[in-house]
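Here are the chains, one letter per residue:
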Amino acid sequence: MYLNCHTYYSLRFGTFSEKELLRLAQENEVTRLVLTDINNTSACLNFVRLAPDFNVTPILGIDFRNGIDPCFVGIAQNNEGFMELNDFLSQYLHQQKEIPPVAPKFQNAYVVYPFEKVLLHEINLLGENEFIGVSIRDLRKLPFSKLSNLKNKLVVLQPVTFRHKSDFNAHRLLRAIDNNILLSQLEKTEEASEDEKMFPITNLAAAFSEHPHILENTESLLRSCHIFFDFSENRSPQNLRTYLGSQEADEALLEKLCHEGLPYRYPDGGEGILERLEKEMKLIKEMGFVSYFLINHDIVSEARKRGFFYVGRGSGANSIVAYLLRITDVDPIELDLYFERFINLYRANPPDFDIDFSHRDRPEMTQYIFDRFEHVALLGTYVTFKERGVIRELGKVFGLPKREIDALCEGGYDPKSSDDISRLVIKYGRLLMGMPNYLSIHAGGILISDKPLHWFSATHLPPKGFPTTQFDMVIAEDVGLFKFDILGQRGLSKIREALDIIAYNQPERANSFDIHNVRKFKTDGSVNALIKTAQCMGCFYVESPAMRMLLKKLEVDNYLGLVAASSIIRPGVAKSGMMREYILRHRNKGRAKEKGHPVMLDIMPETYGVMVYQEDVIKVAHHFADLDLGEADVLRRGMSGKFRSREEFDKVRLKFIDNCRKKGEPDSVIFEVWEQIASFAGYAFAKGHSASYAVESYQTLYLRAYFPLEYMVAVLNNGGGFYRAEFYVHEARMLGAIVHPPCVNQSFHVNAIYGKDIFLGFGYLRELELRVSERILKERGKNGSFSSLEDFLDRVGISIEQISILIRVDAFRFTGVNKHQLLWKAHLFLNKSTKIDHPKLFPPKHQDFKIPHLHTTHLETAFAELELLGFCLCSPFDILAEPPKNNRCAADLERFLNKYIDIYGYLVTVKNTKTHHGKRMHFATLVDQKGEVFDTVLFPPVAANYFFRGKGVYRFYGKVVSEFGFLSIEVVKMQKQDYIQDPRYADMKTSTKVFSKKPMT
């Protein structure tokens, strides 16, 4: 009898989930129920999936409204009707138009107009599928209305939005948040009526007992509706079923493409290749995934045609078919990749392919996919209310001052001393936490389906401009829709731009290598030397302090070692304690036999019996605990955080333990293995995924080894990486570059390189307006370089504030005129109160002003750079108030091993962390006086007394220690060193420091 039910996907209106709605129906003996969220279909599929568990027949619809103002309720008679409703809603969401008061003529959907709206809009003619909805509240008005005569058109329309008073209060808070107003300012017209509740079916029938025809009409409407989506284990995939139009043609094309790829991938042949190919092809055909492979092949083939770089990764990298189709660059034969992790008969879902493109190329490839295929949409996701965010929102709604809101967000809440308002914020914050706040877009998921996407949900149109589903990836997989992941990645942007820079800076070498020939890079001594010595600044995935430390400890100098390191660095392996165990076994091969379980050593010999990759979970579950491959995959997915059924996972966990006990394994071993699985399975990489990362790492390492300056410029131009831009500038200088501040004749918005000279881009000047730099580049490109300041001012419209920035950063140093004199000239040429936005039509005659000879010190230049660029181009040690008392550096650590050292370092990065007991500690990376990197650790007793206070130079006293050959300093005490007083503002008598302009090398 309930035709108008809301969940919390009626965003910032509803107050509980679709599961709670079904539970509420069960409690009230309601067996047929229509879900009609406001302009939203997010909950529909899961509502249908869950309904049988509550003995409810699910029916789907949409409550069409403009804001909170109801227009009409659409109820789908069947799946075709649901698609009609989705088509209609999507049209208005895409165009951001208001819903009309009168519904269109739906062929397979009912329309129910609220009683008041029929009167307001004088809707006199109702179609066969159109009805008038009467709520309990409307019953007292019905006898006095002309609508009472339309007996066959009246149905029950009792909205369901709340369960109890607490829900209503939460609703009012959500409405205030949505309107961005104080709760006290919320008008009644902006909230629902408190009586929008579900009553037991007998109570509802009693309320309408004087109007039995209304109940009969409602029952008849409900019984005529039927919705079906297949959520069974044997459901058919809903992705595009055929690529060429028939299964036979698809299979023939896939075989043809694989055999064409054999000479490219395996020019010298190899053992087991054809057998593996045949095995995979048989299973891919049997599972119905042929079109899935062909669509991915279509996408990467188009990318190659356009000259776009991409990396295919994910579990699909375990497949030789993917390798032959050039979807991935990972050879599964070379790495002995576990095929069953990629695909097996127990998995309903196809393999996972993540295809990374340059962040600049990704939009174009997304557009291609939308143009190439018929039924395409981006995959949606929900942004939920998080703890701090909801407390901040509720604090504003209740009118708390900012300082009190900040205190609550930081956990400054004492129930005993807090006032009533603070207690309400905390109470309702807990209630709203986890509720969906608004719809967003999945990081890279695209759906290409056989049916129109509106068969499954409406779509909205986010700022990216592509239709996006109103459901997420979990329910998409449940219904048989599997996403294609098209991702943007700056690492690939760096590779692509590096190649472009090499083409203009070293054209004679541009064609001397193939960046995709990773097989050659793997055996390159220079590249492997960079890995072994951890000289990886700027290189994909291997540049962080933690990775640099791991590479040294493992003494990695080859591709397979890097593949392992890429997964070992993941938090799960470290958390389980197996990272340390792996290092110990790697450095002492006898330890594996001594400490490892024989079965584990037999399953994972190359990783010394240590679980390192995701598929190790499958291997251990299958071989150690005798679970079948389907159960083993349930175990892996259950720990990934993406899994839906916890009951299924718990059954497998119990079977894992029971099977091991039956085999005679002691509980101590069983639970030790289980804890290893549980602690890292959701955070480890698939081996193919790690191998894909290692391929990209090798590509960037090759560029760094042979084209270091061009590569560093590309890194800087694409947002840097783990570190601040300052340190990539420093690294470029260490590699032989001559780095210059921005120049109006040489610089662009990004950095530019000419031979070994790197000119920083205008983009580093934080206060320089983008339109000014664009104006400079346009004029310079059109009429050539600037000959003087006067020439620049005649040709470029600019304000005195903006020209001052350029002069102060020395962008006119080519003139040979001191910057103070240039500033005087600029002031005399430009009236400070007049901002010139256009160049002069004719060059004016200039008066020759007599300006006294002025002098600029290198110290003034350094502080101007600090202010304008965020860092200085000289060594930071040269602007210390007191020179360093010693010149010890990273090279001295070895001779101070197990001794105490006094050393100065310029802070690169700090990792703040906590021990198992919750005590604060720090890992810090620094640069010494010669520009080399060293590492320090501050354990809790020291961290409690000493703090890092921002970037700058610090003096350390501590003990040099070695762990697996990696040297670091256990700090005993430290002190931040002061810079000299800024000479631009200091008394000239205090600015007597002698300064030699030398870099940090």
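Look up a bit, the structure's there.
Residues numbered from 1 in each chain as written. Predicted model: local features only at pLDDT ≥ 70, side-chain atom pairs only at ≥ 80, totals over all residues. Heavy atoms only, no water.

Novice: So what exactly am I meant to see when it comes to the overall build of the protein here?
Specialist: Looking only at helices and strands, one finds 40 helices and 22 strands in the protein. Since a compact globule built from 1001 residues should have a radius of gyration of about 30 Å, the 34 Å found for the protein is in line with a globular shape. Structurally, the protein occupies a C-alpha span of about 100 × 80 × 65 Å along its principal axes. Counting the 1001 residues in the protein, one finds 56% classified as buried. For the protein, contacts bridging at least 24 residues in sequence account for 70% of all contacts bridging at least 6. Of the roughly 44100 Å² of accessible surface on the protein, 51% is carried by carbon and sulfur atoms. Between the mean site of the 126 positive side-chain charges and the mean site of the 126 negative ones, the protein shows a separation of 6 Å. (Helix = DSSP H or I, 4+ residues; strand = E, 2+ residues; numbered from the N terminus. Rg over C-alpha atoms; globule rule 2.2 N^0.38 Å. Buried < 20%, exposed > 50% of the residue type's maximum accessible area, 1.4 Å probe, protein only. Contact = heavy atoms within 4.5 Å. Areas by Shrake-Rupley, 256 points an atom, 1.4 Å probe, with all protein chains shown as cover. Lys, Arg positive; Asp, Glu negative; His and termini not counted. Charge placed at Lys NZ, Arg CZ, Asp CG, Glu CD.)

Novice: Would you explain the environment of Gly721 in this entry?
Specialist: By secondary structure assignment, the location of Gly721 is in the loop between α33 (708–717) and α34 (725–734). Of the residues examined, Gly721 reaches a relative accessible area of 40% and is grouped as partly exposed. Expressed as a C-alpha distance, the spacing of Gly721 and Gly538, which sit 183 residues apart in the sequence, is 6.3 Å. In contact with Gly721, other than residues within four places in its own chain, are Lys494, Glu543 and Tyr728.

Novice: Would you explain the packing of aromatic side chains in this entry?
Specialist: A ring pair, where both rings are aromatic, is described by two values, the distance of the centres and the angle of the planes. Applying the stated rule across the entire model yields 41 aromatic pairs. When the centroid spacing of 6.2 Å and the interplanar angle of 50° are considered together, the rings of Tyr310 and Phe357 count as tilted. Here Tyr310 is found in strand β8 (residues 310–313), whereas its partner Phe357 is found in strand β9 (residues 354–358), with 47 residues between them in sequence. Across the pair, exposure class does not vary: Tyr310 and Phe357 are buried alike. One aromatic cluster in this structure is built from Phe64, Phe72, Phe88, Tyr92, Phe106 and Tyr113. Positioned over the ring face of Phe131 is Lys153, at 5.1 Å from the centre of the ring. (Phe/Tyr/Trp six-rings, centres within 6.5 Å; stacked < 30°, edge-to-face > 60°. Lys NZ or Arg CZ within 6 Å of the ring centre and 35° of its normal.)

Novice: Where do I start with the environment of Ala714 in this structure?
Specialist: By the secondary structure assignment, Ala714 is in helix α33. Looking at Ala714, the relative accessible area reads 0%, which means it is buried. When residues no more than four places from it in sequence are discounted, the contact partners of Ala714 are Lys494, Glu497, Ala498 and Ile501.

Novice: Sorry, what's going on with the sheet that holds strand β5 (residues 109–114) here?
Specialist: Ordered in space as β1-β2-β3-β4-β5-β6-β7, the 7 strands form an open sheet in which the pairing is mixed. Whereas interior strands pair on both sides, the edge strands pair on one side only; in this sheet they are β1 (2–5) and β7 (154–156). Taking each pair of neighbouring strands and ignoring which way they run, the sheet shows an average axis angle of 35°. For strand β4 (residues 69–76) and β5, the ladder comprises 4 bridges, and the chain directions are antiparallel. (Pairing = 2+ DSSP bridges. Axes fitted to C-alpha atoms, helices over the stretch in contact; angles between N-to-C directions.)

Novice: In this structure, what is going on with the sheet that holds strand β19 (residues 920–927)? I would like to understand it.
Specialist: Note on sheets: strands pair through backbone hydrogen bonds, and any given pair is parallel or antiparallel. Read once around its circumference, the closed barrel built from 5 strands follows the order β18-β19-β20-β22-β21, with strand pairing classed as mixed. Neighbouring strand axes in the sheet, compared pairwise and without regard to direction, differ in orientation by 50° on average. Of the pairings in the sheet, the one linking β19 to strand β20 (residues 933–938) comprises 6 bridges and is antiparallel in character. In the strand pairing of β20, Thr925 is matched with Asp935. Sheet contacts for α34: β18 (900–914) and β19; angle to β18, the most-contacted strand, approximately 135°.

Novice: Which parts of the structure should I look at to understand the packing of helix α10 (residues 290–305) against helix α14 (residues 362–372)?
Specialist: Think of two packed helices as two axes; the pair is described by the angle between the axes and how far apart they sit. Orientation of α10 relative to α14, taken along the N-to-C sense of each, is 130°, at an axis distance of 11 Å. Looking at the two axes, α10 sits oblique to α14. By crossing handedness, the relation of α10 to α14 is classed as right-handed. When α10 is examined against α14, the residues Asp298, Ile299, Glu302 and Ala303 are found in contact with a partner set consisting of Met365, Tyr368, Ile369 and Arg372. (Parallel < 35°, antiparallel > 145°, perpendicular 65-115°, else oblique. Left-handed = near helix turned anticlockwise from the far one by under 90°.)

Novice: Just to check I follow, could you spell out the pattern of salt bridges for this structure?
Specialist: Any two side chains of opposite charge can pair if their charged atoms end up close together. For the structure on display, the rule yields 52 salt bridges. Salt-bridge contacts for Glu606 lead to Lys687; the nearest nitrogen and oxygen are separated by 2.7 Å. You can see Glu606 sitting in the loop between α27 (598–603) and α28 (614–624) and its partner Lys687 sitting in helix α32 (residues 687–706), a full 81 residues away along the chain. Lys663 serves as the salt-bridge partner of Asp626, at 3.8 Å between the closest nitrogen and oxygen. In this pair, Asp626 sits in the loop between α28 and α29 (629–638) while Lys663 sits in the loop between α30 (646–662) and α31 (667–680), placing the two residues 37 residues apart along the sequence. Judged by its relative accessible area of 45%, Asp626 falls in the partly exposed class. Shared partners join several salt bridges into a network, and the residues in it are Arg12, Arg175, Asp178 and Glu190. (Salt bridge = Lys/Arg side-chain N within 4 Å of Asp/Glu carboxyl O.)

Novice: Just to check I follow, could you spell out the side chain of Asn318 for this structure?
Specialist: Locating Asn318 in the fold gives a position in the loop between β8 and α11 (320–324). The exposure class assigned to Asn318 is buried, which follows from its relative accessible area of 0%. Engagement of the side chain of Asn318 in a polar contact is seen with the backbone nitrogen of Gly688, the distance being 3.5 Å. (Polar contact = N/O pair within 3.5 Å; in protein donor to acceptor, adjacent residues only side chain to side chain.)

Novice: Explain unusual backbone geometry to me, please; I cannot follow it from the model alone.
Specialist: Leaving glycine out, the prevailing phi sign among residues is negative, and the prevailing peptide bond configuration is trans. The backbone of Glu29 shows a phi angle near 60°, a positive value even though the residue is not glycine. Within the element layout of this structure, Glu29 appears in the loop between α1 (18–27) and β2 (32–38). Residue class for Glu29 comes out exposed when judged on its relative accessible area of 58%. Phi at Asn55 takes a positive value of approximately 55°, unusual for a residue other than glycine. Looking at the element boundaries, Asn55 is found in the loop between α2 (44–50) and β3 (57–66).

Geometry only, nothing functional implied.
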